[in-house]
Protein chains: 2
Amino acid sequence: MEHSFLINLSLKQWDRQNKLLLKVLGGLSDEQLSQQVAPGKNSGRYLIGHLTAVHDYLFPILDLGKQMYPEIEPLYIRTPDNPTAEQPSVAELREMYTAVMEKLADSFGKVSESDWLSRHMYVSAEDFAKEPHRNKLNVLMSRTNHLAYHIGQLILLT
Amino acid sequence: MEHSFLINLSLKQWDRQNKLLLKVLGGLSDEQLSQQVAPGKNSGRYLIGHLTAVHDYLFPILDLGKQMYPEIEPLYIRTPDNPTAEQPSVAELREMYTAVMEKLADSFGKVSESDWLSRHMYVSAEDFAKEPHRNKLNVLMSRTNHLAYHIGQLILLT
């Protein structure tokens, strides 16, 4: 039994959630995605933007390079849904999400086992020595749960 | 680096989602939990029942014993929300959820590393030989994502 076997389990879970998201998005029109998932809550459009921005942020956190779309971060991370803000269309957001996921998949293919178990880029070497679970794999697991959380909201638009 | 280190990462993610659920439930009154998370969708009450039944089902799947509340399974697994069905109150469901989680936590403490990596009880030895990722740890990871998915819905009641 290799460590890589356990790392692959986590990667499979990530892929599975992403396939589920694409299935849900594929079943929703741009108009449906412009609606709020529940009265007074975030719109589907905001949630695609949010997931795009959060996953794009994995590049710097996992030491895989720069964000592809840093300009959307202020709109979709730690900022509430603002329907009147100038922002990409649903169609554009769908394309950006796909582009981020394709580049991430390509990058993940090059991450070694020891890389996955090394510290992520927003924890210091000192803190990591005290809290060795704060590795890159743990970030991926957290983002998988985060993705599932928002899929549970997007499905309400179907 | 031990395998148990990676197994612990998954257990920590499970614990984290469960703490988040308890925090969300703690902020919601029984009356709020009786509402639908979005118009025409499942109620909070149904979702607590569903999570209780699904987590209770972990006992047989992970070979940890019998379900504590098999009688609620027909109400909350593979059955849509039926507000008029005779069912436990929100207060009772909260207690059942807590009881299941406490017993699970106790049982998880006794599962060895090799147990986590062994087949779950609903895959045959033959299929497991072909698909070795179908182990008990993978079930836990899937249930963690499933839990996050429904927390994303319950949070809409806040």
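**Examining the overall build of chain A**
Step number 1: The number of helices and strands found in chain A is 9 helices and 0 strands.
Step number 2: Along chain A, helices and strands appear, N-terminal first, in the series α-α-α-α-α-α-α-α-α.
Step number 3: The C-alpha atoms of chain A give 16 Å as radius of gyration, which agrees with the globular expectation for 158 residues (15 Å, within 12%).
Step number 4: The C-alpha extent of chain A, read off along each of the three principal axes, is 45 × 30 × 25 Å.
Step number 5: Residue burial in chain A is summarised as follows: out of 158 residues, 49% are buried.
Step number 6: Charge centroids of chain A, computed over 16 positive and 19 negative side chains, lie 4 Å from each other.

**Concerning the confidence of the model for chain A**
Step number 1: Looking at chain A as a whole, the pLDDT averages 95, with 98% of positions reaching at least 70.
Step number 2: Overall fold confidence (pTM) sits at 0.97, and the ipTM for the predicted complex is 0.96.

**Side note on the pattern of salt bridges**
Residue and element names in this part refer to chain A.
Step number 1: Taken as a whole, this structure holds 8 salt bridges over all chains when the rule is applied.
Step number 2: Here Lys-110 and Asp-106 are joined by a salt bridge, their closest N and O atoms 3.4 Å apart.
Step number 3: The class of Lys-110 is exposed, set by a relative accessible area of 63%.
Step number 4: Taking relative accessible area as the criterion, Asp-106 reaches 46% and is therefore assigned partly exposed.

**Describing the side chain of Asn-138 of chain B**
Step number 1: Mapped onto the elements of the fold, Asn-138 of chain B is located in helix α9 (residues 136-154).
Step number 2: Residue Asn-138 of chain B is classed as buried on the basis of its relative accessible area, which comes to 11%.
Step number 3: Beyond its immediate stretch of four places on either side in the chain, Asn-138 of chain B contacts Leu-9 and Gln-13 of chain A together with His-133 of chain B.

**Description of the relation of the copies chain A and chain B**
One copy of the chain maps onto the other through a rotation about an axis plus a displacement along that axis.
Step number 1: Rotating chain A by 180 degrees about the axis while translating it 0.0 Å along that axis superimposes it on chain B, leaving an RMSD of 0.0 Å. Put plainly, the chains are arranged around a two-fold axis. Closest approach to the rotation axis within chain A is made by the C-alpha atom of Tyr-149 of chain A, at a distance of 2.0 Å.
Step number 2: With an isologous cut-off of 70% or more, the 100% of interface residues of chain A that recur at the interface of chain B puts this contact in the isologous class.

Parameters and conventions
- Residues numbered from 1 in each chain as written.
- Chains lettered and ligands numbered in written order.
- Predicted model: local features only at pLDDT ≥ 70, side-chain atom pairs only at ≥ 80, totals over all residues.
- Heavy atoms only, no water.
- Helix = DSSP H or I, 4+ residues; strand = E, 2+ residues; numbered from the N terminus.
- Rg over C-alpha atoms; globule rule 2.2 N^0.38 Å.
- Buried < 20%, exposed > 50% of the residue type's maximum accessible area, 1.4 Å probe, protein only.
- Lys, Arg positive; Asp, Glu negative; His and termini not counted.
- Charge placed at Lys NZ, Arg CZ, Asp CG, Glu CD.
- pLDDT = per-residue confidence, 0-100.
- Salt bridge = Lys/Arg side-chain N within 4 Å of Asp/Glu carboxyl O.
- Contact = heavy atoms within 4.5 Å.
- Least-squares fit on C-alpha atoms with pLDDT ≥ 70 in both.

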